[in-house]
Amino acid sequence: MAEFTPQTDLDYIRDYAVAKEAENDRFKDFIRENDGKMIDELVKELDGLVSPEISCTDCGNCCKSLMVCLNEEEADALSGHLKLPRKTFDAEYLEKGSSGMMIMNRMPCPFLADNKCTVYEYRFEGCKEFPALHLPDFKKRLFTTFMHYDRCPIIFNVVEQIKERLDFIKDPI
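Residues numbered from 1 in each chain as written. Predicted model: local features only at pLDDT ≥ 70, side-chain atom pairs only at ≥ 80, totals over all residues. Heavy atoms only, no water.

Caption draft 1: Up close: the sheet that holds strand S1 (residues 69-70). Taking strand neighbours across the sheet as the criterion, the three strands line up as S1-S3-S2 in an open arrangement whose pairing is antiparallel. Only two strands of the sheet have a single partner each, and these edge strands are S1 and strand S2 (94-96). Taken together, the three bridges between S2 and strand S3 (residues 102-104) define a ladder with antiparallel strand orientation. Residue pairing across strands places Leu94 opposite Met104, the latter belonging to S3. Its contacts with the sheet place helix H7 (residues 86-93) against S2 and S3, and it is angled at close to 90° to S2. (Pairing = 2+ DSSP bridges. Helix = DSSP H or I, 4+ residues; strand = E, 2+ residues; numbered from the N terminus. Contact = heavy atoms within 4.5 Å. Axes fitted to C-alpha atoms, helices over the stretch in contact; angles between N-to-C directions.)

Structure (structure tokens):
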């Protein structure tokens, strides 16, 4: 990755994602045709190179724009930390689906201040693992990866570097 400078301009990333939608559809098919283990190793390598170059606290876009799911244990832990009865916590911060699924009820996350998580030690599993590039089976997560491609500079840069490394033929700009 000689002379790689990550793209961090969120407006550029969003606009580029819109312009490259067809290319990215082709790229997903291209990825599916490649060996999963090789793809996972490449994603892990590129994540290790890209992530240290991008400060999540300079961006915070995930916390500003994603619906966060949580489970009962996470809600219990955070409500306890906040010293709120669980019923009060639920009414203030959660929306519950008919299936019992819980999500934070607003964006940006109410626990985000100055692009930093104010409840970091109690953050939810989905927050801890985002952008999930360290997890195996990248090919099985293409939908969610590309759902966040337009909002996360880490995902955007890793995907664009995969294209470069695998000599994927890009559409003209």
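Following the structure, the description resumes.
Caption draft 2: Inspection of the nonpolar core at higher detail. Grouped together as the largest cluster of nonpolar side chains are 25 residues, with contacts concentrated most on Ile31, Phe138, Tyr149, Val158 and Ile162. Contributions of two or more residues to this core are made by helix H1 (10-19), helix H2 (21-32), helix H3 (36-50), helix H9 (142-148) and helix H10 (153-165). With six residues, H10 is the largest single contributor of residues to this core. Residues within four places of Phe138 in sequence aside, it is in contact with Ile31, Ile39, Asp40, Val43, Leu133, Thr145 and Ile162. Counting residues in hydrophobic clusters, the runner-up holds 14 residues, among them Phe89, Leu112, Val119 and Phe124. (Core = buried A, V, L, I, M, F, W, Y, C linked by side-chain atoms within 4.5 Å. Buried < 20%, exposed > 50% of the residue type's maximum accessible area, 1.4 Å probe, protein only.)

Caption draft 3: Spatial organisation of helix H6 (residues 72-81). For H6, the full list of buried residues reads Glu74, Ala75, Leu78 and Ser79. Projected down its long axis, H6 carries its buried residues within an arc of 125°, all on one side. Where H6 is buried, its residues touch S1, H7, S2, S3 and helix H8 (125-129). If you check the start of H6, you find a side-chain oxygen 3.1 Å away from the backbone N of Glu73, and it comes from Asn71. (Arc of directions from axis to C-beta. Polar contact = N/O pair within 3.5 Å; in protein donor to acceptor, adjacent residues only side chain to side chain.)

Caption draft 4: Looking closely at the pattern of salt bridges. The tally for this structure, following the rule as stated, stands at 16 salt bridges. As a salt-bridge pair, Arg86 and Asp90 come within 2.6 Å of each other at their nearest N and O atoms. Highlighted residues: Arg86 and Asp90, both in helix H7, separated by four residues, approximately one helical turn. According to the relative accessible area criterion, Arg86 is buried, its value standing at 18%. (Salt bridge = Lys/Arg side-chain N within 4 Å of Asp/Glu carboxyl O.)

Caption draft 5: Local environment of the state of the cysteines. With the rule as written, the count across this model stands at zero disulfides. Cysteine Cys62 is unpaired, with the sulfur of Cys63 as its nearest cysteine sulfur at 4.0 Å. Residue Cys62 is classed as partly exposed on the basis of its relative accessible area of 24%. Cys109 takes part in no disulfide bond, and the closest cysteine sulfur to it belongs to Cys63, at a distance of 6.0 Å. (Disulfide = S-S within 2.5 Å.)

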